[in-house]
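# Fold and contact review
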Amino acid sequence: MRVGIAGGGVAGTMLAWRLLRSVPRIAVDLYTTRTADGDATSVSGGLVRGFERTAPECLLAARSLAELREDPALRTASDYQEFGAVYLLPAGADVTEPLRVLEEVLPGSATLLTGPELAGRYPFRGLPTGVTAVVERHAGYLSPAGLRSAVLGWLTDRGATVRRLPVTTVGPGPTLRLADGTTAGYDAVVLAAGPWTPALLAASGLPTGGMRVKQIQYTVYEGRPARLGAFVREDTGMWGRPAGDAGFLLGLPSDRWDVDPSCPRPDTALAERVADEARRLLGHPPAAHGPHRTTASSDCYHDPPGLELREAGPGVFTFTGGSGGAAKIVVAASRVAAAALVR
């Protein structure tokens, strides 16, 4: 079996690695479609946790985290840092099934806290009545860029071909047409080009399948809120985590859709909203603290969201659509996608 993968991000590289590890007599060619500088893998916030709002999503995230923690090579390659996570839930949220899944996969990691308990342990301010939170011990951060770099080395060691040449279109066969005008035929091709995937599909005359490009952005501030690792607030979408030795990374969802992934531009108004919301919620950053840096990129969003293998045409698949959250599930999602592809 010969598989061509277009995309040099963490999703494409991990899928290639899974295929080589699990399928006898397979040949894999990986094409890095764009420069890695500034892509979603290189600038990802890298939050990793086991909890998700639905049981199927939670199972994937928890299995991904469990494998990451149990595999020394993956843990080292990704620079996994464990500092816990808090997921703030709106009043009335039912998380019985996700917590059951999380306990099965990562026993003892998660606890459900009430509002008063939250106030006693964490620096959150002004939370609405009835807010609860899932607190995880086994959660934190990984470096998708570090993981990608290590996996690229593993691929060449296992005989994969890695070509730093963009793919321009997909043709019948299926075939990949490359930027130098040549074509390469395969038994299956996978487009894992992140935010470039919708344009690549459209240029090939294939449906985009509900995929759109959306800006992702965060700001790093000096100093940290006391007693807090990673956090997510569901009702506003605010999230954050420690960054470096003494910084804290904060973000909110962007409303910039269909952006050009080749030239990301920071949204100044969004950065200001992040600071205002964070001061209300955490008292951080102090008014006197300006941002250390604001980073903007883009990712491929799919409705419903999820990093999974999707059929786009005869012998043509996509592996993207993580909607800005692929880092926390890519370890398990790549295993599932590889199994589905060879079936």
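Described below are features of the structure shown in this document. Just so it is clear, the structure is predicted and the values come from calculations on it, not from any experiment.

Moving on to the sheet that holds strand E19 (residues 308-313). The mixed open sheet is built from six strands, whose spatial order is E9-E2-E1-E13-E20-E19. Edge strands, defined here as strands with exactly one partner in the open sheet, are strand E9 (161-163) and E19. Strand-to-strand twist in this sheet, taken as the mean axis angle between neighbours without regard to direction, amounts to 20°. Where strand E13 (residues 188-191) meets strand E20 (residues 316-320), three bridges bridge the pair, whose relative direction is parallel. Residue pairing for E20: Val190 is matched across the bridge by Phe317. The strands touched by helix H10 (residues 330-342) are strand E1 (2-6), E13, E19 and E20; relative to E20, the strand with the most contacts, the crossing angle is about 175°.

Let us look at the packing of aromatic side chains. Following the criterion strictly, the structure yields seven aromatic pairs and no others. Taking 5.9 Å as the distance between ring centres and 65° as the angle between the ring planes, the aromatic pair formed by Phe124 and Phe231 counts as edge-to-face. Pair noted here: Phe124 is in the loop between helix H6 (115-121) and strand E7 (132-136) and Phe231 is in strand E15 (residues 230-233), with a separation of 107 residues, a long-range link. Accessibility classification places Phe124 together with Phe231 in one group, the buried group. On the basis of relative accessibility, which here comes to 1%, the residue Phe231 falls in the buried class. An aromatic cluster is present here, built from Tyr122, Phe124, Phe231 and Phe248 joined pairwise through their rings.

One pass over the full model with this rule turns up one cavity of 30 Å³ or more. In this structure, the largest cavity occupies an estimated 60 Å³ of space. Lining the largest cavity we find Leu47, Val48, Arg49, Ala85, Val86, Tyr87, Gly140, Ala230, Phe231 and Val232. At the level of elements, strand E3 (47-48), strand E5 (85-89) and E15 are the ones that each hand at least two residues to the lining of the largest cavity. Split into classes, the residues belonging to the lining of the largest cavity amount to eight nonpolar, one polar and one charged.

The subject of this paragraph is helix H3 (residues 55-70). Between its terminal C-alpha atoms H3 stretches 22 Å, which fits the 22 Å expected from 16 residues at 1.5 Å a residue. Within the span of H3, buried status applies to Cys58, Ala61, Ala62, Ser64, Leu65, Ala66, Glu67 and Leu68. Looking at the buried side of H3, the elements it contacts are helix H1 (10-22), E3, helix H4 (72-77), helix H5 (96-105) and H10.

This brings us to the side chain of Lys214. Residue placement: Lys214 occurs in strand E14 (residues 211-222). The buried charged residue Lys214 lacks any salt bridge partner; its closest oppositely charged side chain belongs to Asp255, at an N-O distance of 7.9 Å. Engagement of the side chain of Lys214 in a polar contact is seen with the backbone oxygen of Ser254, the distance being 3.0 Å. In contact with Lys214, not counting residues within four places along its chain, are Pro253, Ser254, Arg256, Trp257, Val259, Ser297, Ser298, Asp299 and Tyr301.

A few words now on the state of the cysteines. Put plainly, two cysteines are in a disulfide when a covalent bond ties their sulfur atoms together. Under the counting rule described, the total for this entry stands at zero disulfides. Left unpaired, Cys263 is separated from the closest cysteine sulfur, that of Cys300, by 17 Å. In this structure Cys300 comes out as buried when scored by relative accessible area, which is 0%.

Parameters at a glance
- Every chain is numbered independently, its residues counted from 1 as its sequence is written.
- Local features are withheld for residues below a pLDDT of 70 in this predicted model, meaning they are given only at 70 or higher, and side-chain atom pairs are given and counted only at 80 or more; totals for whole chains, interfaces and linings count all residues.
- The basis for the side-chain values is all heavy atoms of the structure; hydrogens and waters are excluded.
- Each pair of strands is called paired provided DSSP finds at least two bridges between the two strands.
- Where helices and strands are cited, they refer to DSSP runs of H or I of at least four residues and of E of at least two residues respectively, numbered from the N terminus.
- What counts as an axis is a line fitted to C-alpha atoms, over the stretch in contact for a helix, and the angles between N-to-C directions run from 0 to 180 degrees.
- Any two residues whose heavy atoms approach within 4.5 Å at even a single point are treated as in contact.
- Centres within 6.5 Å are what make two rings of Phe, Tyr or Trp a pair, Trp counting through its six-membered ring; a difference in plane orientation under 30 degrees is then read as stacked, over 60 as edge-to-face, and the rest as tilted.
- Using a 1.4 Å probe on the protein chains alone, a residue whose accessible area is under 20% of its type maximum counts as buried, one over 50% counts as exposed, and one in between counts as partly exposed.
- In this analysis a 1.4 Å probe is tested at points of a 1 Å grid over the protein atoms alone, and where it fits but cannot get out there is a cavity; an open set with protein on both sides within 12 Å along at least five of seven lines is a pocket; lining residues have an atom within 4 Å of a point.
- Grid points are joined across faces, edges and corners, and a volume is the space filled by probe spheres set on the points.
- Residues are grouped as follows: Ala, Val, Leu, Ile, Met, Phe, Trp, Tyr, Cys and Pro are nonpolar; Asp, Glu, Lys and Arg are charged; every other residue, Gly included, is polar.
- Helix span, expected: 1.5 Å multiplied by one less than the number of residues in the helix.
- When charges are counted, neither His nor the chain ends are considered; positive counts come from Lys and Arg and negative counts from Asp and Glu.
- In what follows, salt bridge is the name for a side-chain nitrogen of Lys or Arg lying within 4 Å of a carboxyl oxygen of Asp or Glu.
- Here a polar contact is recorded for every N or O atom pair within 3.5 Å, except that within protein the pair must consist of a potential hydrogen donor and a potential acceptor, and residues adjacent in sequence are included only if both atoms are side-chain atoms.
- Pairs of cysteine sulfur atoms within 2.5 Å are identified as disulfides in what follows.

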